[in-house]
Amino acid sequence: MRALVISGGGSKGAFAGGIAQYLLEEEKQSYDLFLGTSTGSLLISHLALNKIEEIKHVFTHVSQSSIFNNNPFLIVNRNGVDRIKINHFNVLKNFIRGRKTFGESFNLRKLIEQQVSFEYFKALQKSNKMVVVCVSNLTANSVEYKKLKDCNYSDFLDWIWISCNYVPFMTLATKNKCEYADGGLGCIIPIEKAITLGATHVDAILLDTEFQQTHREHSRNPFDALSTVFGFISDRIEVQNMHIGKLVAEDYNATLRMFYTPRILTNNSLVFNQTQMKAWWQAGWDYAKNKKITSI
């Protein structure tokens, strides 16, 4: 069984899309399992159906308003660097409404429903492809993996949306009497899960550099500080996921091919810039074409 695994990474998912397009269209790879976390979960349904141009159009035309119905921050570009500032009015509005987070992402849920049609869902159910989404169950303190073929249409769309909800900036969803959030809070790149599901070869796209290069600027406001803290936590989870994934691959005699970003794309993956994301998609395609990746 061959698996394509895509990590979380917000707007950087455009880079993963470019890599995936090259693997599917140029290398003619055929995958049995598609497993995604957060932004990776947004890609995998279309990739499994080979609807690459459709998902490329989505990722290269998305904006802040496509994601947030209540955006908790403002974006300020200073010296070519995007920084976030608190949108005090929107945050206060959310608190007055009794919401649990600074912002809300119901527009993303609508976008997912527009792009993953019921016909696409039924086609995947009938296919031999396994599509799996990673989510974090905060109530049960566990990571869960939701298989498309175990879900009805509405539930599967919910799980994709939930996998992308970067709390506390996006919606904290309640489902099945549990609170759920971004899959990346528990597992950035689920290589281990792909192998335990039966994958003998894994192509894994990790939306970060292979070696630590991050040098974050000092925080200027509470949102900056939260972003920095969550970025640090995500980096530690990512390192752990990679270490465990490589060990499990060795134990199961599975081959693992890794794709990283060749440079730091952004320090704030909640900024959705169409021009930037178009460039990242092409950069991902070029990187996959030019980079010689060895299997582990």
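Values in this document were obtained by computation on a predicted structure and should not be read as measured data.

## Concerning helix α10 (residues 222-251)
In step 1: For α10, spanning 30 residues, the distance from its first C-alpha to its last is 43 Å, which sits close to the expected 44 Å at 1.5 Å a residue.
In step 2: Two residues or fewer past α10, N253 is found with a positive phi of approximately 55°.

## Focus: the packing of aromatic side chains
In step 1: The final tally for this structure, using the stated rule, is 15 aromatic pairs.
In step 2: Between F73 and F169, the aromatic rings sit 6.4 Å apart at their centres with planes inclined by 80°, giving edge-to-face as the arrangement. Taken as a pair, F73 in strand β3 (residues 73-78) and F169 in the loop between α8 (153-164) and β7 (173-175) lie far apart in primary sequence, 96 residues in all. An identical accessibility class is assigned to F73 and F169; each is buried.

## Looking at the side chain of D158
In step 1: Following the sequence through the fold, D158 ends up in helix α8.
In step 2: Separated by 2.8 Å, the side chains of D158 and R109 make a polar contact.
In step 3: With residues up to four places along the chain from it excluded, the contact list for D158 reads R109 and K175.

## Here we look at the pairing of strand β1 (residues 2-6)
In step 1: Of all five residues that make up β1, four are buried, and the element is covered over most of its length.
In step 2: Pairing geometry for β1 and strand β2 (residues 33-37), over four bridges, is parallel. Bridge pairing in β2 links L4 to F34.
In step 3: With helix α1 (residues 13-26) bridging β1 and its parallel neighbour β2, the resulting β-α-β unit is right-handed.

Calculation notes
Throughout, a residue's number is its position along its own chain's written sequence, starting from 1. Reporting in this predicted model follows two pLDDT cut-offs: at least 70 for local features of residues, and 80 or more for side-chain atom pairs to be given and counted; totals over whole chains, interfaces and linings ignore these cut-offs and use all residues. With hydrogens and water excluded, all non-hydrogen atoms of the structure serve as input to the side-chain values. Here a helix means four or more residues in a row that DSSP labels H or I, a strand means two or more in a row labelled E, and each is numbered from the N terminus. Here the expected length of a helix is defined as 1.5 Å per residue gap, with one fewer gap than residues. Here a Phe, Tyr or Trp ring, Trp counted by its six-membered ring, pairs with any other such ring whose centre lies within 6.5 Å, and the pair is stacked when the planes are under 30 degrees apart, edge-to-face when over 60, and tilted otherwise. Summary of the burial criterion: residues with accessible area below 20% of their type's maximum are buried, those above 50% are exposed, and those between are partly exposed, where the area comes from a 1.4 Å probe applied to protein chains only. Between N or O atoms, a polar contact is any pair within 3.5 Å; within protein, one atom must be a potential hydrogen donor and the other a potential acceptor, and residues adjacent in sequence are included only when both atoms are from side chains. By definition in these notes, contact holds between two residues if any of their heavy atoms fall within 4.5 Å. Between any two strands, pairing holds if DSSP finds at least two bridges. If you view a crossover with the strands going away from you and the path from the first strand over the helix to the second runs clockwise, you call it right-handed.

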